[in-house]
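Structural overview
Each chain is listed here by its residues.
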Amino acid sequence: MLFKEIKTYFTNKDETIPTHMQSPFLSRLSDLLKEGYTFHEAVTMLLPFHVKNADKVIFQVTEVQKNGLNVTEVFKLLGFPSRLLLPINLAMIHGQLQETVSALGVNAAVYERAKKRLNNLLMYPLFLFVVIFLLFTIFRLYFLPNMESLLGARESVESESSIAWTSLLLQLPNTFLVVMVLLAILISMFLYVLNKKTVEIQLSFYSKIPIVNSWYKLLLTRVFSREMGGLIESGMPLQQSFDALINQQEHKTLQFIAEQMKNKIVHGESFSKSVLLLDYFTEDFHLFVVHGENSGYLGRELTLYSDFLSDRIETKLTRYLSIIQPTLFFILAIFIIGAYLAILLPIYEMINIV
């Protein structure tokens, strides 16, 4: 399965928009739509600047629209991820495609900035880790055997202890690397199995992990408030808005929550009360929903709350990213101290021999 995805990626990479160019594409597409261009005209105009094999892609886009498929299929063809396909799909229902594309351009830019910053933060520590890993390997292959031969003439508990400690300290990078690889494999396998479970089981699992729970609720609340707000703000009745979320296939968790909320509303609960009973959202979301119901501008309140959560997510990302580099440098400092000790212990033992 993995090799098939890799092969597909390399086969279609010249026919899709690269990730780092998706934000500029969305922003320019929004500008053209705002100026009055049709969607097909705008996409046709932009593709030569964002896709290598533009002529083939333009033909495919034309065929997609000729076959009566919606705009979502065009974005899927261009390689956009599912997290961006959901709002586009719903935008075709509430008719605010230009505003949605503009908002997605901003969100994609935030995502790319965070990704670029993470790469910059990891680049230097990872380079140092590779250098230290090579140095430890050289010490283990050349330095340690020489020390063992020099100290081997004197059979004592102290000599064996120093060599044992040196050998152990020189294994630190290898041990760390093996642990990280195994941990990554186990987490990937677990997430793969978890994604095969029902949405209810996934929500129950994420709710039991403190940090993951807060992030999951934050992201889920932003998606729900943004999409539900756009549907209600367009004038769509509440029941039809829930039906739109239930019928979409891009976000299964949102689909499940919409079904739960619709059932509670059908049985007489208010929108705000349903939010409070489900406990899938952030703590202050209920207050914004109540205020929106009382003021009569529920759709607008939900949209504004979604923007507020986007700012909160960006702030939290910045704070978490600022912790990553010091943590990596702390780990590297442990390796460096281990290297000094690995060298000094046999040297001190040789001094005692003399």
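Refer to the structure printed above.
Residues numbered from 1 in each chain as written. Predicted model: local features only at pLDDT ≥ 70, side-chain atom pairs only at ≥ 80, totals over all residues. Heavy atoms only, no water.

Considering the overall build of the chain
Filter applied, for reference: Numbering of helices and strands starts at the N terminus; helices are DSSP runs of H or I of at least 4 residues and strands are runs of E of at least 2. Only protein chains enter the accessibility calculation, which uses a 1.4 Å probe; a residue is then buried when its area is under 20% of its type maximum, exposed when over 50%, and partly exposed in between. Here, two residues are considered to be in contact whenever any of their heavy atoms come within 4.5 Å of each other. Methods summary: accessible areas were calculated by the Shrake-Rupley approach with a probe of 1.4 Å, and residue burial reflects only the protein chains presented.
A count of helical and extended segments in the chain gives 16 helices and zero strands. Put simply, the chain has 354 residues, and 38% of those count as buried. Intrachain contacts of the chain at a sequence separation of at least 6 include 63% that bridge at least 24 residues. For the chain, the accessible surface area stands at approximately 20,600 Å², while carbon and sulfur atoms represent 64% of it.

Observations concerning the packing of helix 10 (residues 199-206) against helix 13 (residues 252-266)
This is how it is decided: Fitted lines through C-alpha atoms give the axes, limited to the stretch in contact for helices. The angle between two N-to-C directions lies from 0 to 180 degrees. Working rule for angles: under 35 degrees goes down as roughly parallel, over 145 as roughly antiparallel, 65 to 115 as roughly perpendicular, anything else as oblique.
Running from amino to carboxyl end, helix 10 crosses helix 13 at an angle of 100°, the nearest separation of the two axes being 10 Å. Relative to helix 13, helix 10 is oriented roughly perpendicular. The segment helix 10 lies against helix 13, with Val-199, Glu-200 and Leu-203 engaging Lys-252, Thr-253 and Phe-256.

Quick word on the nonpolar core
Note the threshold: For this analysis, a nonpolar core means a set of buried residues of the types Ala, Val, Leu, Ile, Met, Phe, Trp, Tyr and Cys, connected via side-chain atoms within 4.5 Å.
Counting residues in each nonpolar core, the largest one holds 35 residues, and the members touching the most others are Phe-224, Met-261 and Phe-271. Sorting the residues of this core by element identifies helix 6 (82-94), helix 10, helix 11 (210-233), helix 12 (238-247), helix 13, helix 14 (271-278), helix 15 (285-295) and helix 16 (298-353) as the ones contributing at least two each. Top element by residues in this core is helix 11. It accounts for eight residues. With residues near it in sequence (within four places) discarded, Phe-224 still touches Gly-229, Phe-242, Leu-245, Leu-254, Met-261, Phe-271, Phe-281 and Phe-285. By size, the runner-up hydrophobic cluster in this structure holds 29 residues, among which are Ile-17, Leu-46, Val-71 and Ala-108.

What to know about helix 2 (residues 19-34)
To keep things clear, this is the line we draw: Helix span is expected to be 1.5 Å times the residue number reduced by one.
Relative to the 22 Å expected for 16 residues at 1.5 Å per residue, helix 2 spans 24 Å between its end C-alpha atoms, a close match to the ideal helical length. Burial in helix 2 covers these residues: Gln-22, Ser-23, Phe-25, Leu-26, Leu-29, Ser-30, Leu-32 and Leu-33. Trailing helix 2 by a residue or two, Gly-36 shows a phi angle of about 110°, which is positive.

Overview of a nonpolar patch on the surface
In plain terms, the rule: Exposure above 30% relative accessible area and no salt bridge define the residues that can form patches, which grow by joining like charges within 9 Å and nonpolar side chains of Val, Leu, Ile, Met, Phe, Trp and Tyr within 5 Å. The working definition used for a salt bridge is a side-chain nitrogen of Lys or Arg within 4 Å of a carboxyl oxygen of Asp or Glu.
Where nonpolar side chains cluster on the molecular surface, the patch consists of Tyr-124, Phe-127, Val-131, Leu-135, Ile-138, Leu-141, Tyr-142 and Phe-329 and spans about 810 Å² of accessible area. Counting residues per element, the nonpolar patch draws most heavily on helix 7 (residues 97-152), at seven residues. With respect to the helices, strands and loops of the structure, Leu-135 is situated in helix 7.

Structural measurements only, silent on function.
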